[in-house]
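# Structure at a glance
The residues making up each chain are set out below.
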Amino acid sequence: MILIIGGNSQGKLQFAQEMLQVGNEMISDGGTCQLDQAFAKPVLNRLHLLISRLKQQGLDPYSFIKQGIENNPEITIICDELGLGVVPIDREERELQELTGRLLCDIARQAAQVYRVHCSIPVKIKG
Amino acid sequence: MLILVTGGVASGKSELAENLAVVLNKGKMLYIATMQVDDEESRLRVHKHRQMREGKKFETMEAPYGLSTYNQEYFAGYDTALLECLSNLIANEMFLAGKSGPETIEEVITACKKLTRGIEKLIIVSGTILGGLKPYDDFTEEYIRVLGRLNCLIGAQADVVLETVCGIPIIHKGKDLVGRELA
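Below is a summary of the structure that appears in this document. Treat the numbers as computed from the prediction; the structure is a model and nothing was measured.

On to the overall build of chain A, then. Within chain A one finds four helices and six strands. Along chain A, helices (α) and strands (β) appear in the sequence β-α-β-β-α-α-β-α-β-β when read from the amino end. Its C-alpha atoms give chain A a radius of gyration of 14 Å, near enough to 14 Å, the size a compact globule of 127 residues would have. Each principal axis of the C-alpha atoms in chain A carries an extent, and together these give about 40 × 30 × 25 Å. Counting only contacts in chain A whose residues sit at least 6 apart along the sequence, the fraction spanning at least 24 positions is 57%. When the accessible surface of chain A is totalled, it reaches about 6400 Å², and 50% of it is carbon and sulfur. Computed over 13 positive and 15 negative side-chain charges, the inter-centroid distance for chain A is 4 Å.

Spelled out as structure tokens, the structure:
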């Protein structure tokens, strides 16, 4: 599994596409995909939106995502580093920021490679 | 030795800083806790952090603000201290103690000087706010500025500056001092 993180609009998706040589049809979008299809493609983009949607539906994002990775150990996951922003006043948003951060720590531990993309430049921070 | 550990929310900075303190420590260890407990959420957070620290042999001191006013003796006899965390301390100075931005910066710098005078190894945990597009209220904007400024001031003085990203330590300064400990 490969994890690609960074702030928003830093070029994470473009980097993933170039590195893996994959077109749009190989990418699921965590913000819009059917929940049961989230891990069906080689790349899962916008994991933070998937986490938010799972949470809204009353599902446990932690076990859902862990299971998804377990079943698809070769997947590449792309996620915004929400933790770089201000702690939100809204409780739900605060929980989402915290949960996303913890999940990313967990995913990074499992990942073979972790890249952080900053202003279009990927820096390999693990692997 | 002064070590600054920065990172975003839930990026694993506390765990990293605590483990680093334990590895570097050669005597007594002090944990300076800055969280003001006033609701269920903060109680849970404190509880979680206490559990994480269990068995690591820290002596805990609670100082939500006004750290510079403590007598120097409070910080004597420790080899290593962990200040957890600067982002909380700044928020408390500004919102609870009602200090202005510049007053907060002066307070924290004075406190840091006092701490480094008495303690061999000081590890300061701090947050990183790299902004966003959302315009915040003046208070929050000032908080972000003060946090950034203090991170810069402390980072410039520090022997080691680390950033945690998804639990992975990135060494921005002082690789020769902690590279082995973090490997």
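When its secondary structure is counted, chain B shows six helices and seven strands. Across chain B, helices and strands are ordered from the amino to the carboxyl terminus as β-α-β-α-β-β-α-α-β-α-β-β-α. Taken over C-alpha atoms, the radius of gyration comes to 16 Å for chain B, in line with the 16 Å a tight globule of 183 residues would show. A principal-axis box enclosing the C-alpha atoms of chain B has dimensions of 45 × 35 × 35 Å. A buried classification covers 52% of the 183 residues belonging to chain B. Partitioning the contacts of chain B with sequence separation of at least 6, the portion at a separation of at least 24 is 74%. When the accessible surface of chain B is summed, it comes to about 8900 Å², and 52% of that surface belongs to carbon and sulfur atoms. With 21 positive and 25 negative side-chain charges, chain B shows a spacing of 5 Å between the two charge centroids.

Bringing helix α4 (residues 91–110) of chain A into the picture now. Residue and element names in this part refer to chain A. An ideal rise of 1.5 Å per residue puts 28 Å on 20 residues; α4 measures up with 29 Å between its terminal C-alpha atoms. Every buried residue of α4 is accounted for by Leu 96, Gln 97, Glu 98, Leu 99, Thr 100, Gly 101, Leu 103, Leu 104, Cys 105, Asp 106, Ile 107 and Ala 108. At the N-terminal end of α4, a side-chain oxygen is found 3.2 Å from the backbone nitrogen of Glu 92, two or three residues along, and the residue is Asp 90.

In terms of nonpolar packing, the biggest core is built from 35 residues, with B:Leu67 and B:Ile124 touching the most fellow members. Secondary-structure elements contributing two or more residues to this core are β1 (2–7), β2 (29–33), β4 (80–84), α3 (86–96), α4 (101–118), β5 (121–127) and α5 (138–157) of chain B. Contact partners of B:Ile124, with chain neighbours within four places excluded, come to B:Leu2, B:Ile3, B:Leu4, B:Val5, B:Leu83, B:Leu86, B:Cys112 and B:Ile154. Counting 30 residues, the second-largest nonpolar core is a separate cluster that includes A:Leu3, A:Ile51, A:Leu103 and B:Ile170.

Moving on, we get to the interface of chain A and chain B. Listed per partner, the contact involves 22 residues of chain A and 22 residues of chain B. When the area that chain A buries against chain B is broken down by residue, the three leading residues are A:Leu84, A:Val86 and A:Ile125, summing to 32%. Taking the shortest distance from any N to any O, the salt bridge between A:Arg116 and B:Glu163 comes out at 3.2 Å. Among the secondary structure elements, those contributing two or more residues to the side of chain A that touches chain B are β1 (2–6), α4, β5 (113–118) and β6 (121–126) of chain A. Class assignment of the residues belonging to the side of chain A that touches chain B gives a composition of ten nonpolar, four polar and eight charged.

Further remarks concern the pattern of salt bridges. Summed over all chains, the structure comprises 21 salt bridges over all chains. Ionic pairing is found between A:Glu95 and A:Arg91, a salt bridge with its closest N-O pair at 3.2 Å. Here A:Arg91 and A:Glu95 lie together in helix α4, a separation of four residues that amounts to about one turn. B:Glu41 is the partner of A:Arg94 in a salt bridge, and the nearest nitrogen-oxygen pair spans 2.6 Å. Pair noted here: A:Arg94 is in helix α4 and B:Glu41 is in helix α2 (residues 40–53), and the two residues belong to different chains.

Quick look at the packing of aromatic side chains now. Across all of its chains, the model carries seven aromatic pairs over all chains by this definition. Between A:Phe39 and A:Phe64 the ring centres are 6.4 Å apart and the planes differ by 50 degrees, which places this aromatic pair in the tilted class. Pair noted here: A:Phe39 is in the loop between β2 (27–29) and β3 (43–45) and A:Phe64 is in helix α3 (residues 61–71), with a separation of 25 residues, a long-range link. Among the residues examined, A:Phe39 registers a relative accessible area of 8% and is labelled buried. Taking 5.6 Å as the distance between ring centres and 70 degrees as the angle between the ring planes, the aromatic pair formed by B:Tyr31 and B:Phe58 counts as edge-to-face. Remark: B:Phe58 occurs in strand β3 (residues 58–62) and B:Tyr31 occurs in strand β2; sequence separation between them is 27 residues.

Parameters and conventions
- Residues numbered from 1 in each chain as written.
- Chains lettered and ligands numbered in written order.
- Predicted model: local features only at pLDDT ≥ 70, side-chain atom pairs only at ≥ 80, totals over all residues.
- Heavy atoms only, no water.
- Helix = DSSP H or I, 4+ residues; strand = E, 2+ residues; numbered from the N terminus.
- Rg over C-alpha atoms; globule rule 2.2 N^0.38 Å.
- Contact = heavy atoms within 4.5 Å.
- Areas by Shrake-Rupley, 256 points an atom, 1.4 Å probe, with all protein chains shown as cover.
- Lys, Arg positive; Asp, Glu negative; His and termini not counted.
- Charge placed at Lys NZ, Arg CZ, Asp CG, Glu CD.
- Buried < 20%, exposed > 50% of the residue type's maximum accessible area, 1.4 Å probe, protein only.
- Expected span 1.5 Å × (residues − 1).
- Polar contact = N/O pair within 3.5 Å; in protein donor to acceptor, adjacent residues only side chain to side chain.
- Core = buried A, V, L, I, M, F, W, Y, C linked by side-chain atoms within 4.5 Å.
- Buried area = accessible area lost by both parts, 1.4 Å probe.
- Salt bridge = Lys/Arg side-chain N within 4 Å of Asp/Glu carboxyl O.
- Nonpolar A, V, L, I, M, F, W, Y, C, P; charged D, E, K, R; others polar.
- Phe/Tyr/Trp six-rings, centres within 6.5 Å; stacked < 30°, edge-to-face > 60°.

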